Structure formats: C-alpha cells, structure tokens
Amino acid sequence: MDEVTERLKSTIEQYGPNAVALYGSGQLLTEDYYVANKLMKGFIGSANMDTNSRLCMASTVAGQKRAFGSDTVPNNYQDLELSDLLVLVGSNTAWCHPVLFQRIRAMKEQRPEMKVVVIDPRRTDTCDIADLHLAIRPGTDVLLFNGLLAWLADKGVLDQAYINEHSQGFDQALDVARSSFSDMAQLAEACGVERETMTCFYEWFTETDKSVTAWSQGVNQSAVGSDKVNAMINCHLATGRIGKPGSGPLSLTGQPNAMGGREVGGLANQLAAHMDFTPEDISRVERFWDAPNIAKAPGKTAVDLFKAMDSGEIKFVWIMGTNPVVSLPNSNQVIRALQKCPTVVVSDCIEKTDTAAFADILLPAAPWSEKDGTVTNSERRISRQRALFPLAGEAKPDWWIVSEVASRLGFAEAFNYSGSVDIFREHAALSGFENNGSGRVRDFTIAPMATITDPEYQTLDPFQWPLSENAYHRADSDSVLSRTDSQSRLFSDGGFFTPNGKARFVATHFQQPLNAPGKRYPLLLNTGRVRDHWHTMTRTGLSPRLNQHTDEPFLAIHPEDAERNRLSDRGLCQISSEFGKAVVRVQISDAQRCGEVFMPMHWTRQHSETGFSGVLVNPVLDPVSKQPDLKFTPVSIMPYESEQ
Ligand SMILES: Nc1nc2c(c(=O)[nH]1)N[C@H]1C(S)=C(S)[C@@H](COP(=O)(O)OP(=O)(O)OC[C@H]3O[C@@H](n4cnc5c(=O)[nH]c(N)nc54)[C@H](O)[C@@H]3O)O[C@H]1N2
Ligand SMILES: Nc1nc2c(c(=O)[nH]1)N[C@H]1C(S)=C(S)[C@@H](COP(=O)(O)OP(=O)(O)OC[C@H]3O[C@@H](n4cnc5c(=O)[nH]c(N)nc54)[C@H](O)[C@@H]3O)O[C@H]1N2
Ligand SMILES: [Mo]
C-alpha cells in the first residue's frame, strides 16, 4: 500500500495528475467502482479513468445519450416475454445470456404466436428458437434498419402523434435512411440477404406493435456501433414503440456490472451519477464530494489510454478487474505500453494472468463470492451480492484497497468507509443531490436509498432505478423497505432528458468500413464467445468440466474458404493480420458466411502459446463512442505445418 501511494505521489508531483491512469472493469461492484472513480476524478484530479465497458457498452451509451439525452434502457426483461416480435441483433443470447434465453424459450413455447428474428452473420445456437435468421453481411445493420424506417413510413405505420409531441429530427433521419439505398433489391443485396427474408422481417415488424429489439456486441463492437444503436432506436421512436409493455429497444449488457459502472461514472467521459463534464455538473460533484482537485474535462478512453502509455505520456497505471493484454485490440501494442510504463499496478483475484505478468505491484483482490456490494443488470435492476466465503489469504475488497491508498495520500476523511453500505448510501445521496426538479433533472436516481440502514442493506431485494421519493416507503421507522413498483418503464409518454424534453432522431448515414478485406488480407475475422468460457478464462479455465464444451481455440471457416485455402478440418492453420499472427485448429462450418471466419476471444498465453485472438484484432474505433471494432479485422489464412 505504501509503495503504491509513494509511486502515485511522485508521479503526480513530477508529471502532473494526467500522467496517472486507472483502468477498471464491469466486474467490479458498484461500491468498488464508486470509490475508484471518486479518488481519480475528485482527488487525484484526472479523468484518465476508463473501463473495459469501453470495449463492451460504449456504443450503446453514446447511442442512448444521443437519442434520449441520457444513458437509459427504457424497458424490462419482462418485455421480451410480452412481445409478439423479438428481434435479436448481434447477440448470441443462447450462449451469452443463457438465463434470459431460457425465459424467452419458455415463453415462446407458451405463446406460439410470438416470433423471434435473429440478425447475425453467423448461424449461432440462438437461431434454434428463431423463426427467421438474417445472416447479414457484417457491419450492414445501419442499412438494414434504415431500410426498415423507410418501409415503416411507406406502409403508413408511423405513430405521427408520438413523433410530433415527443421527438425531433424525424424528417432528416427519414431522408437519410431513404437515400442510403435505391430499392429493396439493392438493399437486400447490400445487406447480403435474400430479398424475401428481408421483407419478411419488415412485414413482421409492421404487423405488430409489440416488438422488442434487443442487441449486444454485434452492434456495439463496431466502427459504426453508435449509428447501429440509433438506427434501431429510430424505428422504435417512429412507431412510438418505446417503454411500453412488450415493446421497446433493449440493450443487453455484458458483464455483471456493466450498467452499475456507468451509474458511478466509470467511463472517462462521465463524471459521476450520470453527470458529465459540464460546468454545472463539475461544480455539483465538486461540492458534494468536497473535492480538492476535481477533473475538469474528459480523460482518455481505453485504446487511447494504452497508446498514451506507449508514447510515454502516462507513467502510472492501476488496472483493476480486467485483463487488457488479452481483451484490448492490437495486444502487441498493449504489451509494449505496459513494458514502457514505469509503474503498473494490477489488482486481481488470480495471480498469473497475461496482464499480471507486467505488474510491478500485484494486489490480491477479493472476487465474486468473497465480497459484498451491489450490481445493476440490463433492466436497471440493482441487486445485492453477498459474500459466501471469508476472504482468502491477504485478499481485500477493491473498495477497501482504493480507500486505503486514498487515506495514505492524505484523503482519509473522504474515504473513511467502514463497509460497502457506507459507500452505497453516499452513492445514493449523490444520485439525488440537486436532482429534484431544479435545473436539468437526471434519469439516474436512487435517492431514497441514501438513508438505508445497515440491516435493510443486508436484506435488500432487487429493485429498479429510477427510484423516486415515493416509490419506496418505510412500513415503520426501522423495518425493511417495502417495494411498491415491480416493473418500471420510461418514455412511453415522452419525458426525455434532452434540454427540450424531446427524443432525438439521429440521421444514420451508411458508411463503408474503413479497414475492409482486400488482396493481402482477403478474409474477415469476427471474434466472440463460446458457451462455457468467460472472457480471458482466469476462472472458467480452471474448471475441467467447463473446458469440455470447447477444449481449445479454433477458427470456424466456411467449407469453400477452407478448400480455397487448402485447410482440412481439425488441421492447424495460421492466421495473419496487419497486427499479428495466431495458430489454431480449423473447424469447418457452414454456419459461417463465405469470406468470414470466427475465432473465440477467450484463450490467453496462460492456456495457449499461439491461440490468442487479441494480437490479430485491429484497433479501429467508432468515432463517437471510441469503442473498438472487435468483430471486423481483415486477415489471411494458410495451413500451418509444425516444424518437426
Ligand atoms: N458464455 C459467456 N457468456 C458471456 C460472456 C462470456 O465471456 N462467455 N461475456 C459476457 C459479456 S461481457 C458480454 S459483452 C456478452 C456478449 O454477448 P454477445 O454479444 O451475444 O456475444 P459475442 O459472441 O461477442 O457476439 C455476438 C454476435 O455478434 C455477431 N456479429 C458480429 N458482427 C456482426 C454485425 O456486424 N452485425 C450483427 N448483427 N451481428 C454481428 C457475432 O457473429 C456473434 O454471434 O456476453 C456476456 N456473457
Ligand atoms: N477480440 C475480442 N476482444 C474482446 C471482446 C470480443 O468480443 N472480442 N469483448 C470485449 C468485452 S465485451 C469485454 S467485457 C472484455 C472483457 O475482458 P476482460 O475484462 O479483460 O476479461 P476478464 O477475463 O473478465 O478479466 C477480468 C479480470 O479481473 C479478475 N477479477 C475477477 N473478479 C475480480 C474482482 O472482483 N476484483 C478484481 N480486482 N479482479 C477481479 C479476473 O481474474 C480477470 O483477470 O473483453 C473485450 N475484448
Ligand atoms: Mo462485455
């Protein structure tokens, strides 16, 4: 602790606060995240704190803020079950949100009229429940939804009253949508699907007003991810299908606390509690924290943060609950950056990881099952996580480690927490601070929780935000809180968080990819998940049973591409991109489109010397959200002969 503190102090003294960075994770609990963000942005005085949510949710955050003026998911999980048409875009729900998938499957069995459409270049296990699968050309989602908007206008199913009363910018969005294709035949061709398949989807969307569009990384992890989000939201705003039972847009978050991190300001362009770097918000947070040194402008986002380490601008980094050597694009640059950075502190619950290998100081953090706090899921529902086991060895909760360093830096008073409940109360108080009608009101509030007692926190049931003053009431002075609303939805009657209260249509121009396959790298590499591994396998890799489903890294490739490249099933192949090389086993599969290959993101140097996809992936970013396009890298492939 002293060493971390000394190095932090001397870096700040010598080079200023912006030479320091913190890189966090959607696997931290809200309380951990709150404290880390407070230390960086309020006390160290730099907004160079970003999180792996930049690789995960940033495009949804950007898209929702553009449309709604706030990072709000308007609907609930229940709406998936109430919908007549569920559109899953870029989401392998069966493998990645298995609990939700089982709910959808069960409901579909009960309600045969419910239709499911899957939009994914690959035929995944999610297609098992699909009535229609659109195996679109990667990156063409904007075009597909621009086409849908134009179709809805042509069929006269717009909700003109909703558009007039609650939105702005519709005409321009429709003009741009129309101008992005010439006719249905050309549109289908550009999206790489049969015309009949496409129009069937459009017809189904026209026929029912109970439609939910849910999406995940096939949307977010894209050079045009924010536009994909807005192209989908545009269709929902135009039909008034938002925040209603069984209809609305629904972003499926990835990590356990990818939403909670956004609530406390984990991203470099957020300050705290859904506040940004406006003069009013800066002043408000500064006063609330009594912060001596509040950051005044956004900091560096994930990929740029590591670039700044590579160029020597950042000289101290604290990595908490994430494994960037594996999960960031262009890993060779990440490795170079960590080698150059004079101080690398890593907090992890596992000793040996690809990132921990570069740590000057490795801190033992308590993981899930040993720590205590809250997380927020995709439907704005905050749940308690409770420790099941005592802390192992010297491990400590992340909030404790950060608070301890903060105290040693001289900020003991502001970080004097006796447990996660103290932090939760403070976080709740900040959410309600100057947020009751004076000035611009913020969507995120759990204000009544500011006075929650210790026993109430221990037994707290899951609840959704926003939590207005009257949503909860105390049955008597010292008993538990009783819940009065079980499902909350927003925006069905407008009430957006933009300056004039109206939602914004965003004109989404269709753009050709920057980094397209060509002569040298003719195939397109898509990366993602397998059923039984979690991310960089630091934990699932330890379980023999979980290793059975997929026991080694692979490259899925269409039979024609395999033949053209002289690859045989189960043989080895070498994959090359402009950024690096990998060697893995070939898996010939007609679930792939021709010209496109898929490789899992999970394997690391701890498990496989050569089967690691991060070295290949290009660091192409969405210009709005700064989220990297992890699904679209040009590569070349050849058989690999081992030298023996
Ligand atoms: N088993 C398992 N479950 C997990 C995780 C895990 O590691 N393992 N991680 C969790 C996390 S953090 C996340 S973010 C979620 C991610 O959950 P998902 O987003 O469902 O998972 P991915 O496999 O990353 O990608 C989803 C799909 O996007 C498709 N796709 C690629 N390009 C495009 C495109 O241009 N358009 C469209 N429409 N689709 C495209 C891919 O083919 C892929 O099938 O999963 C969570 N759940
Ligand atoms: N090529 C490619 N890359 C991707 C993606 C992709 O689809 N393709 N997906 C991206 C997405 S959506 C995500 S979310 C990221 C995920 O990428 P990472 O965040 O890098 O992956 P994890 O393996 O979850 O890393 C979590 C680390 O924190 C440790 N840990 C677990 N719990 C705790 C805790 O409570 N405290 C602390 N201090 N440490 C803990 C784990 O041991 C592990 O080392 O990957 C991104 N990278
Ligand atoms: Mo994620």
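These numbers were taken from a predicted model, which means no experiment stands behind them. (Residues numbered from 1 in each chain as written. Chains lettered and ligands numbered in written order. Predicted model: local features only at pLDDT ≥ 70, side-chain atom pairs only at ≥ 80, totals over all residues. Heavy atoms only, no water.)

**A short note on the UniProt feature "domain: Molybdopterin oxidoreductase" (unreviewed entry) in the chain**
The criterion, for reference: UniProt positions are given in the numbering used here, feature names are shortened, and annotations may be inferred rather than shown by experiment. The helix count covers DSSP runs of H or I at least four residues long, the strand count covers runs of E at least two residues long, and both are numbered beginning at the N terminus.
UniProt annotation of "domain: Molybdopterin oxidoreductase" (unreviewed entry) refers to residues 2–407 when read in the numbering used here. The span residues 2–407 is 45% helical and 14% strand by assignment, and the distance between its end C-alpha atoms comes to 11 Å.

**Regarding a nonpolar patch on the surface**
Defined as follows: Like charges are joined within 9 Å and nonpolar side chains (Val, Leu, Ile, Met, Phe, Trp, Tyr) within 5 Å, but only among residues with over 30% relative accessible area and no salt bridge; these make up the patches. Exposure was quantified through the Shrake-Rupley algorithm and a 1.4 Å probe, taking into account, for residues, occlusion by the shown protein chains and nothing else. We define a salt bridge as a contact between a side-chain nitrogen of Lys or Arg and a carboxyl oxygen of Asp or Glu at a distance within 4 Å. Type-normalised accessible area, obtained with a 1.4 Å probe on protein chains alone, sets the label of each residue: buried when under 20%, exposed when over 50%, and partly exposed for intermediate values.
Where nonpolar side chains cluster on the molecular surface, the patch consists of Trp368, Leu388 and Phe389 and spans about 400 Å² of accessible area. In this fold, Trp368 is placed in the loop between strand E11 (361–364) and strand E12 (373–376). With relative accessibility at 56%, the residue Trp368 sits in the exposed group.

**Things to note about the pairing of strand E22 (residues 596–600)**
Spelled out, the test is: Strand pairing follows a simple DSSP-based rule, namely that at least 2 bridges must link the two strands.
By the criterion of burial, E22 is predominantly enclosed, with 5 of the 5 residues buried. In E22, alternate side chains face the same way, and those of Glu596, Phe598 and Pro600 on one face and Val597 and Met599 on the other are all buried. Bridging between strand E18 (residues 523–528) and E22 involves 5 bridges; their strand directions are parallel. In the sheet register, Gly528 faces E22, and the bridge partner there is Pro600.

**Observations regarding the pairing of strand E10 (residues 343–348)**
Side chains on a regular strand alternate between the two faces of the sheet. Counting buried positions along E10 yields 6 of 6 residues, so the element is predominantly enclosed. Across the two faces of E10 the burial is the same, with Thr343, Val345 and Ser347 and Val344, Val346 and Asp348 all buried. Examined bridge by bridge, strand E9 (residues 316–320) and E10 share 5 bridges and lie parallel to one another. Looking at E10, one finds that Trp318 is bridged to Val345. Alignment of E10 against E11, held across 4 bridges, turns out to be parallel. Pairing of Val345 across the sheet is with Ile361, part of E11.

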